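Breakdown of the fold
The primary structure of each chain is shown beneath.
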Amino acid sequence: MIIYGVAILSVSMLTGLVIGDLLGAAIGVHANVGGVGIAMLILILLSNMTTKQFRLGELTASGISFWSAMYIPIVVAMAANQNVYAALTSGTMALLAGTLAVAGSFALIPLMTKLQRGNSGSGSDEAS
């Protein structure tokens, strides 16, 4: 059932947040360090384990897949919101680092597009 997907989502989120808080405390930062990423990794691991080891029913697996798909964009948006707020209140260096990272990502889009076109072109020649 879909409710199992919600349970696995909550367990992975809470576990990730606790581990992120502990990691932050271990390195002397009073913040959650990587909790969202850890939670996503836990969710991916749990959702992959369900098909191999737990043998859940079809409805349960579909619920886990649904909430896995919903979780990533929602949590990433929440984390991005926190990061923007932290950057705006932290000063010029944080804003500069964020701006350079975004500009670098945009600059890599044409290169990645060319690489993708090159890979798809060679794959279609072999298939013919």
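Residues numbered from 1 in each chain as written. Predicted model: local features only at pLDDT ≥ 70, side-chain atom pairs only at ≥ 80, totals over all residues. Heavy atoms only, no water.

Our focus in this paragraph is the overall build of the chain. Secondary structure summary: the chain contains four helices and zero strands in total. Its helices and strands in sequence order give the chain the pattern α-α-α-α, from N to C terminus. Excluding contacts between residues fewer than 6 apart, the proportion of contacts in the chain whose partners are at least 24 apart in sequence is 57%. By element, 72% of the accessible surface of the chain is carried by carbon and sulfur atoms, the whole surface being about 9300 Å². (Helix = DSSP H or I, 4+ residues; strand = E, 2+ residues; numbered from the N terminus. Contact = heavy atoms within 4.5 Å. Areas by Shrake-Rupley, 256 points an atom, 1.4 Å probe, with all protein chains shown as cover.)

Nonpolar side chains collect at one region of the surface, where Leu108, Leu111, Met112 and Leu115 lie side by side and expose about 410 Å² of accessible area between them. Inspection of the secondary structure puts Met112 in helix 4 (residues 92–127). Taking the relative accessible area as the measure of exposure, Met112 reaches 55% and is therefore exposed. (Patch = residues over 30% accessible without salt bridge, like charges linked within 9 Å, V, L, I, M, F, W, Y side chains within 5 Å. Salt bridge = Lys/Arg side-chain N within 4 Å of Asp/Glu carboxyl O. Buried < 20%, exposed > 50% of the residue type's maximum accessible area, 1.4 Å probe, protein only.)

It is worth spelling out the nonpolar core at this point. If you look at the biggest cluster of nonpolar residues, it comprises eight residues: Ile8, Leu9, Met13, Ala39, Met40, Leu43, Tyr71 and Val75. Elements represented by at least two residues in this core include exactly helix 1 (2–26), helix 2 (35–54) and helix 3 (58–90). Beyond its immediate chain neighbours, meaning those up to four positions away, Leu9 contacts Leu43, Trp67 and Tyr71. (Core = buried A, V, L, I, M, F, W, Y, C linked by side-chain atoms within 4.5 Å.)

Before going further, it helps to examine the environment of Leu22. Here Leu22 lies in helix 1. By relative accessible area, Leu22 is classed as exposed at 57%. With eleven residues separating them in the primary sequence, Leu22 and Val33 have C-alpha atoms 8.3 Å apart.

What follows concerns the side chain of Ser12. As for its placement among the helices and strands, Ser12 is situated in helix 1. Sequence-distant contacts of Ser12, defined by excluding residues within four places in its chain, comprise Ala39, Ile42 and Leu43.

Mean pLDDT over the chain: 76, with 75% of residues reaching 70 or higher. Per-element mean pLDDT across the chain ranges from 71 in helix 3 up to 83 in helix 1. Across residues 124–128, where pLDDT falls below 50, the model places zero contacts with residues more than four positions away in sequence or in other chains. (pLDDT = per-residue confidence, 0-100.)

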